[in-house]
Amino acid sequence: MASPVGEDNWVNYVDHQQHAAADLEQRVQVIESFRKAVSAEPGSLKVWMAYCEYFWSLYADCQHGSDAGWPLEEQQLGRDTFTLDHALNLWQEGYEAVQYRLSDSHELWNRWVSLEMELLARTATEAGIRRITHLFKNRLTVPHATWDSTSQMFSSFLSEYNRQAYETEMLQVTKNAKDAKRLYSLRDPFEMKLTAAAKSGDSAALKAVMLEYLDWEIKQSKGKKDHLVNLQICLGLFSRALTGELSSDHDTWLNYIVFISTCHSDLKSGRTKVPANILPNMLDVHQRAVHHVPWSGPVWARYILAAEESGLSFTDIERIKHAATNSAQLDRDGMTSVLDMYSAWCGYLKRTAMNPNATEEAVDLAEVGLPSALEDVRHWGQRKYGNDYHGDPSFRLEKILIQFLTEKKEDIESARAVWEQMSTVDIHANSYDFWLNWFLWEMVVFSSAKNKTRSPTPVTVAQGLRVPSLATQVFRKALKVRTMDWPERILEVYLQHCNDYELAETLREAQDTIYKVRKGVARRREREAAQAAQQHAAYAVQEQAQQDETMVDAPAADASPGGKRKRESTPGDDAVLEKKRSRGEVVNGAEVKRDRENTSVFVTNLPTEITQTKVRQFFREYGHVNNIEIQRNPGTPPVALVEFRSPEDTRSALLRDGKYLGDQPVQVTPAADCTLYVTNYPPSADEQWIRNMFKDCGEIHSIRFPSLKYNTKRRFCYVTFRDRTFATAATKLDGKSLEGGRYKLQAKFSDPGVKQARVGAQSEERELHVLNLPRNINEKDIRELFAKAGKVISVRVPRNMAGQAHGTAFVVMETKDEAQEAIKTLNTLIFGNHPIKVELSKPPNQKTTATSRGLSASAEPESPASGGSPGLSAGGGSTSAAEIAARTIYVLGIPDTVNDARVRALLASFEPIVRLILHPQHGGAIVEFKDATTAGKATLFVDGLEIDGSGGKRLRIGTRSELFKEKEEFRSDRVDQPQEKKPAEKGKKKNLTAAELMPPPPLIPRKMPVLGPRGGAKRGLGFMGAVQKKEAVNGTATAPTNGKPAGPSAGKKSNADFRKMLLGGGAEKSKTEVKKE
């Protein structure tokens, strides 16, 4: 019988054995099953609780006076087997295994300490009191959800058993527990989210919160502060996740494996210093993982690799491989997992055989095992898909076999036969990558041959000249395939190869062939372009038809009947729009200046230490580079997305495919049709939400959100996949219903050249804006009034929170002519003693702030320039400015791509939020809570938090003045333009230039010439001498010394003095002050 999987299955399995156990031998077997259970689920609270409780029951049942009904002989044996020390040690072992499960470890602890206190109550001893006191002290230094309750239990215990040391012990415990309480307070918001999701029964929300919590916890464990306890808490959280909702989640298990692997690597290299026994064994982790997700090929592959690294024997590793192939779920999601597992197995065989110290047996095993693995995979695919299975597009197993035959066996002909056989399969023959790999292999074989004579540019028809003719034949075979995906690349390399190595006759024949093939390829591309244009036109017609069917002349979905109408355009907004247009958008039908979707390439297999500068230098001679985006993922080489100025530059850059950058050749592939325009998702969706939505479609390279600085209502993003097939698969999610039909996802190929025409009543000039209406107006009266001009489709009257109309309305007529007739007949009409104004409705301008309200919000002004009475609440109640300030926080450092819904979701555990005002232009938000206590908790949670999409920056809490002093975030997606200089941070010294460091020039006093006698003209009555000014220093006048002026400080300061003050930080003192000091 197969072992159970998961904590619930283990508990049920052992519980069934427990009820069937009738004698001592069967009870011992139950204990053995429990040991297996805690080995399979070492972090499971349920399993440990059941194990400890059962062992404790056995201890109680075998005691004298028990009514369990055991035979006397079994009672005696039981007392020798199930001793009190064993029972208490088991409780301690279980507690140590689950103590860092912050939310529920108290269940086992409370039960254990209650048993300890029962024993103490029977026989109170000094040793027993010291033991329990020690247990409480240790427990109170561990972060957990019920710390206050544990502290109260300890207080009661001291009051009863150690009253004289009560005050000393409690003071010491409170001091030692500061770190524990601080660490839990940081995690309390996540715990509250998990509790709320669990109570609501929303499994998806619970998983999402747990994944977010895990990512945050992993980042905390990498820090130097509290490194050990953060690592233990992270392991405890993984135990909760992998025994709960995420126990069968492939990504979470891989995340856990990578985390443990990284910790072991850091420990081995000395980067971190933690006790080795804290980290679980890698083989045990992988064994648990394959039991929970047996369909995961990457997990099986890592299991085989971990077994090889641990030095297990061939028999043991083969047993792992057989366990994978015997699993009925390995091909659950197709052949990808099968290929992943077999690639790891064949890699192990190859590495073992190619080891310089390999035995003949290892070589024989690889020689037999590699072809056998290929055959097994072929039969597996045909058994699952029949003749539709054609093999691995990346031919991973074949590459391993070819390398083994070439390097170890030196059997070139057998290796070439593998290439020949693959060339007959369409999935390989239609791929330019296959032919280039074959060509490169032939060139390696040619270069490694002995006694070679090579001339890269032959100038004579020397028959004895040795040329790589077999490599040339690869191109000739390739060009016979008319359905190859990228023949242009093959033609380029073929011509370059013949120029470098072949004779003149062969070069001429190659040029002839290339000329003919290029003509055929050009005709093929024209046909493909015509077909694509037809499909695009048909798709556009279909989309337009669907829009016509679903279009409703009603207010926007996100506008409530009582909401405010967006403000009309103002002259200042034109500058904002002009600033946005200058970035390359379509203006009046002009051609798009920037088309990154069709002028980019992917560069893979890059060196680990690659930089933007090195990539730019690599493409320097092949085109102008606009931007370079490098993505680094643990365990895989970096991947760069390089954008060029024009399609011509992009095609030129593709010639760099296969060239060496550093010590390895890189792959350059086009990135066309890899980017999707995604919109109409929930407002609170972040990058992780987008990745989860498209995770089954293929690998995502990057996600690009727009800036909200000029329009906070923008809600779309660009998702770039690593391959066009992945993007094509993602478009199948277009039209997917989200959140019960509230949103309908749009996921289409990004095309900057297509601008969707606006539709609706406003753009068709059928919507009217009516002003100066009576405040008590209703929709029925307006409809009756405008019915005189034609058919009224809809009427909307904006109202405030009290339900009172603003005096405006929006009326949609059936036709444009009827709207014009309404303007002609009803404009300036006296209606309810009000001369109304009727005009066409104009589109609203972009909104640079976003405000969302919860409870009655205070009327605090939204900007420093705005008015309002901070002492009045929106509900009419009186609230002091001090109360509002106490419950309001100012969050700084929010990226300008984050909307107000995401900020509110971030603070969801501190609801209700009275008001939230987002200021993307200042990179912050104003958040008002219900009370000051909630605001204080939110401050602790937010300060230092790293938000998704911040690029490593952390949020911080500031003041109102600091928020509005923040300048808008500058983000450049160009490497070919000078970067904007960032303002110097406050408190940091500016790096002065050489000129600024020079001392000021000396002042040369120059006396003005005086005509006439030195004493000047004699003054008459009414004239007086010039009064000498006195300089006030700290409120005290400085008097002249010896009848002379006090020096330069007594008069006006010169430019040199001011320069000296600036360079000296304003610390200049007058001579008089120096004398005083």
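Please read these numbers as outputs of a predicted model, since none were measured by experiment. (Residues numbered from 1 in each chain as written. Predicted model: local features only at pLDDT ≥ 70, side-chain atom pairs only at ≥ 80, totals over all residues. Heavy atoms only, no water.)

**Quick look at empty space enclosed by the protein**
Working step 1: Taken as a whole and assessed by the stated rule, the structure comprises 5 cavities of 30 Å³ or more.
Working step 2: Within this model, the largest cavity holds a volume of roughly 80 Å³. (1 Å grid on protein atoms, 1.4 Å probe; cavity = no way out; pocket = protein on both sides within 12 Å on 5 of 7 lines; lining within 4 Å. Points joined across faces, edges and corners; volume = space filled by probe spheres on them.)

**A look at the confidence of the model for the chain**
Working step 1: Predicted confidence across the chain gives a mean pLDDT of 81, with 79% of residues reaching 70 or more.
Working step 2: For residues 550-592, every residue scores under 50 in pLDDT, and the model assigns this stretch 56 contacts once sequence neighbours within four places are set aside.
Working step 3: Here residues 855-877 is modelled with pLDDT under 50, and outside its nearest four sequence neighbours on either side it reaches 55 contacts, counting other chains as well. (pLDDT = per-residue confidence, 0-100. Contact = heavy atoms within 4.5 Å.)

**Some thoughts on the sheet that holds strand β1 (residues 600-604)**
Working step 1: If you walk across this open sheet you meet the 4 strands as β2-β3-β1-β6, and the pairing is antiparallel. The strands lining the two open edges of the sheet, one partner per strand, are β2 (625-631) and β6 (667-670). Here the strands of the sheet are splayed against their neighbours by 20° on average, with no regard to which way each runs.
Working step 2: Bridging between β2 and strand β3 (residues 639-644) involves 6 bridges; their strand directions are antiparallel. (Pairing = 2+ DSSP bridges. Helix = DSSP H or I, 4+ residues; strand = E, 2+ residues; numbered from the N terminus. Axes fitted to C-alpha atoms, helices over the stretch in contact; angles between N-to-C directions.)

**So, the layout of surface pockets**
Working step 1: Approximately 1000 Å³ is the volume attributed to the second largest pocket.
Working step 2: Along the walls of the second largest pocket sit 35 residues, with Val38, Pro42, Gly43, Pro280 and Arg288 positioned nearest its centre.
Working step 3: For the lining of the second largest pocket, the secondary structure elements donating two or more residues are α2 (24-40), α5 (84-98), α12 (227-242) and α14 (282-292).
Working step 4: Sorting elements by how many residues they give to the lining of the second largest pocket places α12 first, with 6 residues.
Working step 5: Per-class residue counts for the lining of the second largest pocket are 17 nonpolar, 12 polar and 6 charged. (Nonpolar A, V, L, I, M, F, W, Y, C, P; charged D, E, K, R; others polar.)

**Let's talk about α14**
Working step 1: A large share of α14 lies buried, amounting to 8 of its 11 residues.
Working step 2: Along α14, the positions that sit buried rather than exposed are Met282, Leu283, Val285, His286, Arg288, Ala289, Val290 and His292.
Working step 3: On its buried face, α14 sits against α2, α12, α13 (250-269) and α15 (297-309).
Working step 4: For α14, the N-terminal capping position is held by Asn281, with its side-chain oxygen 2.9 Å away from the main-chain nitrogen of Leu283. (Buried < 20%, exposed > 50% of the residue type's maximum accessible area, 1.4 Å probe, protein only. Polar contact = N/O pair within 3.5 Å; in protein donor to acceptor, adjacent residues only side chain to side chain.)

**Things to note about unusual backbone geometry**
Working step 1: The linkage connecting Glu911 with the following residue, Pro912, adopts the cis geometry, with an omega of 5°.
Working step 2: Topologically, Pro912 is positioned in the loop between α34 (900-906) and β21 (913-919).
Working step 3: Its identity as a non-glycine residue notwithstanding, Glu739 has a phi of 50°, on the positive side.
Working step 4: With a phi close to 70°, Thr828 is a non-glycine residue in the positive phi region.
Working step 5: Mapped onto the fold, Thr828 is located in the loop between α32 (816-826) and β16 (830-831).
Working step 6: On the accessibility criterion, Thr828 (56% relative accessible area) is exposed.

**Re the packing of helix α10 (residues 178-200) against α12**
Working step 1: Orientation of α10 relative to α12, taken along the N-to-C sense of each, is 15°, at an axis distance of 13 Å. Of the possible angle classes, the one that applies to α10 and α12 is roughly parallel. You can see that α10 and α12 cross each other, and the crossing is right-handed. Contacts from Leu183, Arg187, Glu191 and Leu194 in α10 reach Val229, Asn230, Ile233 and Arg240 in α12.
Working step 2: Here the contact of α10 with α12 is composed, by residue class, of 4 nonpolar, 1 polar and 3 charged. (Parallel < 35°, antiparallel > 145°, perpendicular 65-115°, else oblique. Left-handed = near helix turned anticlockwise from the far one by under 90°.)

**What about the packing of aromatic side chains?**
Working definition: an aromatic ring pair is given by the centre-to-centre distance plus the angle between the planes.
Working step 1: Counted by the stated rule, this structure contains 43 aromatic pairs.
Working step 2: Each ring, one from Phe55 and one from Phe82, has its centre 5.5 Å from the other, and the planes form 85°; the classification is edge-to-face. With Phe55 in helix α3 (residues 45-61) and Phe82 in the loop between α4 (72-81) and α5, the pair connects residues that are 27 residues apart, well separated along the chain.
Working step 3: Relative accessible area serves as the criterion here: at 7%, Phe55 is assigned to the buried category.
Working step 4: Seen from their ring centres, Phe694 and Phe721 are 6.0 Å apart, and the 85° between their planes marks the pair as edge-to-face. Of this pair, Phe694 sits in the loop between α29 (687-693) and β8 (700-704) while Phe721 sits in strand β9 (residues 716-721), and the two are 27 residues apart along the sequence.
Working step 5: Look at Phe694 and you get buried, because its relative accessible area is 0%.
Working step 6: One cation-aromatic arrangement involves Arg332 over Trp295; the distance from NZ or CZ to the ring centre is 4.0 Å.
Working step 7: If you follow Arg902 out to its NZ or CZ, it ends over the ring of Phe705, 5.8 Å from the centre. (Phe/Tyr/Trp six-rings, centres within 6.5 Å; stacked < 30°, edge-to-face > 60°. Lys NZ or Arg CZ within 6 Å of the ring centre and 35° of its normal.)

**A few points about the state of the cysteines**
Working step 1: Overall, the coordinates contain 0 disulfides when judged by the stated rule.
Working step 2: No disulfide involves Cys263; its nearest neighbouring cysteine sulfur is the one of Cys234, lying 7.4 Å away.
Working step 3: For Cys263, a relative accessible area of 13% corresponds to the buried category. (Disulfide = S-S within 2.5 Å.)

**Things to note about the packing of α15 against helix α16 (residues 314-326)**
Working step 1: Remark: α15 packs on α16, axes separated minimally by 10 Å, with the N-to-C direction vectors making an angle of 170°. Viewed along their axes, α15 and α16 adopt a mutual orientation that is roughly antiparallel. Of the residues in α16, those in contact with Trp300, Tyr303, Ile304, Ala307 and Glu308 of α15 are Ile317, Ile320, Ala323 and Ala324.
Working step 2: Grouping the constituent residues of the contact of α15 with α16 by class yields 8 nonpolar, no polar and 1 charged.

**Focus: the sheet that holds strand β7 (residues 675-679)**
Within a sheet, neighbouring strands are paired by backbone hydrogen bonds and run either parallel or antiparallel to one another.
Working step 1: The 4 strands lie next to each other as β8-β9-β7-β12, forming an open sheet whose pairing is antiparallel. Among the strands making up the open sheet, the edge pair consists of β8 and β12 (746-749). Strand-to-strand, the axes of this sheet are offset by a mean angle of 25°, without reference to chain direction.
Working step 2: Relative to β9, β8 is paired through 4 bridges, and the arrangement is antiparallel. Residue pairing in the sheet places Ile700 in a bridge with Phe721 of β9.

**Observations regarding the pairing of strand β13 (residues 767-771)**
Working step 1: Of all the 5 residues making up β13, 4 are buried; the element is thus mostly covered by neighbouring parts of the structure.
Working step 2: In the sheet, β13 pairs with strand β15 (residues 809-813) via 4 bridges, with the strands oriented antiparallel. Residue pairing for β15: Val770 is matched across the bridge by Ala809.
Working step 3: Across 4 bridges, the pairing between β13 and strand β18 (residues 837-840) is antiparallel. Considered in β18, the bridge of Leu768 is made with Leu840.

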